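# Structural description and commentary
Letter by letter, the chains look like this.
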Amino acid sequence: SRAYFTRQFRLVTGKSVVEYITQSRLQKAKVLLLNTKWPVNQISSFVGISPDRLRSIFLQYEQLTPSDFRRQNQSGHET
C-alpha cells in the first residue's frame, strides 16, 4: 500500500519521498550549474521543475539563487 511504502521509504532514507526527489533534483541542478553554461531555465526544465520552484528550492537549501550559487562556486571547468 501507499502508506506502507511511505513508511518504509522514510525508514531507509530518513526522508519523505517528496524530500528525496526534491533534494535529488537540487543536486543535479547544482552539477549542471557548475559544469555547463546552460541558462537556469534550461536547467530547471532538465531537472523537471519550474524556474520559480528551482529558485525557491535554492533559497531554502542554499540561501542563494541558482545564479548566485553558480557565481560563488564557479570552478572554471565549464563545457
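To start, this report covers the structure provided alongside it. What you see is a predicted model, and the numbers here were worked out from it, not measured in a lab.

A few words on helix H4 (residues 51-62). Over its 12 residues, H4 extends 16 Å from the first C-alpha to the last, a length consistent with the 16 Å expected when each residue adds 1.5 Å. On its buried face, H4 is in contact with helix H2 (17-35), helix H3 (40-47) and helix H5 (66-73). Looking one or two residues beyond H4, the residue adopting positive phi is Gln63, at roughly 60°.

Time to look at the pattern of salt bridges. This model, assessed by the stated rule, comprises 3 salt bridges. With a shortest N-O distance of 2.6 Å, Glu62 and Lys30 are connected by a salt bridge. Of this pair, Glu62 sits in helix H4 while Lys30 sits in helix H2, and the two are 32 residues apart along the sequence. We classify Glu62 as partly exposed; its relative accessible area is 23%. Note that Asp68 and Arg71 form a salt bridge whose closest N and O atoms lie 2.4 Å from each other. One end of the pair is Asp68 and the other is Arg71, both in helix H5 and 3 residues apart, which spans about a single turn. With a relative accessible area of 28%, Asp68 lands in the partly exposed category.

Another aspect to go through is the packing of aromatic side chains. In total, this model carries 4 aromatic pairs according to the counting rule given. Relative to Tyr20, the ring of Phe9 lies with its centre 5.4 Å away and its plane at 85°, an arrangement referred to as edge-to-face. In this pair, Phe9 is assigned in helix H1 (residues 2-13) and Tyr20 in helix H2, connecting sequence segments 11 residues apart. Exposure remark for Phe9: the relative accessible area of 18% places this residue in the buried category. Looking at Tyr20, the relative accessible area reads 39%, which means it is partly exposed.

Running from amino to carboxyl end, H2 crosses H5 at an angle of 55°, the nearest separation of the two axes being 9 Å. The pairing of H2 with H5 is recorded here as oblique in orientation. Of the two possible hands of crossing, H2 and H5 adopt the one that is right-handed. Here H2 contributes Lys30, Leu32, Leu33 and Leu34 to the contact with H5, which in turn contributes Pro66, Phe69, Arg70 and Asn73. In the contact of H2 with H5, the residues fall into 5 nonpolar, 1 polar and 2 charged.

Parameters and conventions
- Residues numbered from 1 in each chain as written.
- Predicted model: local features only at pLDDT ≥ 70, side-chain atom pairs only at ≥ 80, totals over all residues.
- Heavy atoms only, no water.
- Helix = DSSP H or I, 4+ residues; strand = E, 2+ residues; numbered from the N terminus.
- Expected span 1.5 Å × (residues − 1).
- Contact = heavy atoms within 4.5 Å.
- Salt bridge = Lys/Arg side-chain N within 4 Å of Asp/Glu carboxyl O.
- Buried < 20%, exposed > 50% of the residue type's maximum accessible area, 1.4 Å probe, protein only.
- Phe/Tyr/Trp six-rings, centres within 6.5 Å; stacked < 30°, edge-to-face > 60°.
- Axes fitted to C-alpha atoms, helices over the stretch in contact; angles between N-to-C directions.
- Parallel < 35°, antiparallel > 145°, perpendicular 65-115°, else oblique.
- Left-handed = near helix turned anticlockwise from the far one by under 90°.
- Nonpolar A, V, L, I, M, F, W, Y, C, P; charged D, E, K, R; others polar.

Geometric descriptors of this kind do not, in isolation, establish any biological role.
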